[in-house]
Amino acid sequence: KDEEAAQRVYSSIGAPVGQAVADETVQVYDGTYDEVVTVGKPLTLQDASTPTVNAFDVVADNVTIDGFKITGGTVGGETAGIVVQSSTSGHTFSDNNLMGDSGEGVSIKSGVEDTQVKKNNISGWDSGIIAGGQSGSVDVDENCITGNEVGISNGSFFDIDASGNLWSAPDG
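Here is what the cut-offs are and how they apply
- Residues numbered from 1 in each chain as written.
- Predicted model: local features only at pLDDT ≥ 70, side-chain atom pairs only at ≥ 80, totals over all residues.
- Heavy atoms only, no water.
- Helix = DSSP H or I, 4+ residues; strand = E, 2+ residues; numbered from the N terminus.
- Rg over C-alpha atoms; globule rule 2.2 N^0.38 Å.
- Buried < 20%, exposed > 50% of the residue type's maximum accessible area, 1.4 Å probe, protein only.
- Contact = heavy atoms within 4.5 Å.
- Polar contact = N/O pair within 3.5 Å; in protein donor to acceptor, adjacent residues only side chain to side chain.
- Core = buried A, V, L, I, M, F, W, Y, C linked by side-chain atoms within 4.5 Å.
- Lys, Arg positive; Asp, Glu negative; His and termini not counted.
- Salt bridge = Lys/Arg side-chain N within 4 Å of Asp/Glu carboxyl O.

J.: What should I look at first to understand the overall build of the protein chain in this one?
T.: Looking only at helices and strands, the protein chain features one helix and 19 strands. The C-alpha atoms of the protein chain give 15 Å as radius of gyration, which agrees with the globular expectation for 172 residues (16 Å, within 12%). Each principal axis of the C-alpha atoms in the protein chain carries an extent, and together these give about 45 × 30 × 30 Å. The 172 residues of the protein chain split such that 42% are buried. Sequence-distant contacts in the protein chain: of pairs separated by 6 or more residues, those separated by 24 or more amount to 37%.

Written as structure tokens, this is what we have:
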């Protein structure tokens, strides 16, 4: 949206993300977006009708991703749904369906702080959520983490607070 609140129509998610100003909300409508979206500024990406995207690469603080179907893509040489790059903070990932067949559903790098992963369905990954590196903090609440080889994998000295999640292995 621009300052007059006019809606613009795009055929990708990356274009409006690149043109948005910090702290803006980008609404994404139904469709299949065959792309890895890099989010390099504080933004809220919100579904307007359950869009499908390959992956998100989060490189800025204060990013919210809400209501997407995420199938997995290559981010920095790894297969993942959402990759949260090192030393960022203030993220919320909620109400997403992360449905993969390998890699990590949510990959959180070293030094990520004050991040919430909540009310998502995370299924079919090697690791549903992986938090790596030497330090960081993430809250993992009220997710359905099923059908992954590993539900949550935690690196050394990474603080994960997990509550109210539903867990199961790939074979039930």
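J.: Can you help me understand the environment of D61 in this one?
T.: The topology assignment puts D61 in the loop between β4 (52-58) and β5 (64-66). Each C-alpha atom of the pair D61 and G151 lies 25 Å from the other, and the pair is 90 residues apart in sequence. In this structure D61 touches K41, P42, S87, T88, S89 and H91, once residues within four positions along its chain are discounted. At a separation of 2.8 Å, a polar atom in the side chain of D61 contacts the main-chain amide nitrogen of S89.

J.: Sorry if this is basic, but what is going on with the nonpolar core here?
T.: Burial of nonpolar side chains together is a common tendency in soluble globular proteins. Grouped together as the largest cluster of nonpolar side chains are 34 residues, with contacts concentrated most on F56, F68 and I108. For this core, the secondary-structure elements that each account for two or more residues are β1 (24-28), β2 (32-39), β3 (43-47), β4, β8 (78-84), β11 (104-108), β14 (127-131) and β15 (136-141). In contact with F56, not counting residues within four places along its chain, are V37, V39, L45, I65, F68, I70, V75, G81, I82 and V83.

J.: When you look at the side chain of D57 in this model, what are you seeing that I'm missing?
T.: The residue D57 is located in strand β4 in this model. At 8.4 Å, K109 is the nearest oppositely charged side chain to D57, a buried residue that forms no salt bridge. For D57, the side chain forms a polar contact with the side chain of Q85, separated by 2.8 Å. Those residues in contact with D57 that sit more than four places away from it in its chain are V36, V37, T38, V39, V75, V83 and Q85.

J.: Help me understand the pattern of salt bridges in this model?
T.: When the charged atoms of two side chains lie near each other, side chains of opposite charge can form a pair. Taken as a whole, this structure holds one salt bridge when the rule is applied. In this structure, E78 and K109 form a salt bridge, with 2.5 Å as the shortest nitrogen-oxygen distance. Residue E78 is located in strand β8, and its partner K109 is located in the loop between β11 and β12 (115-118); the two are separated by 31 residues in the primary sequence. Of the residues examined, K109 reaches a relative accessible area of 23% and is grouped as partly exposed.

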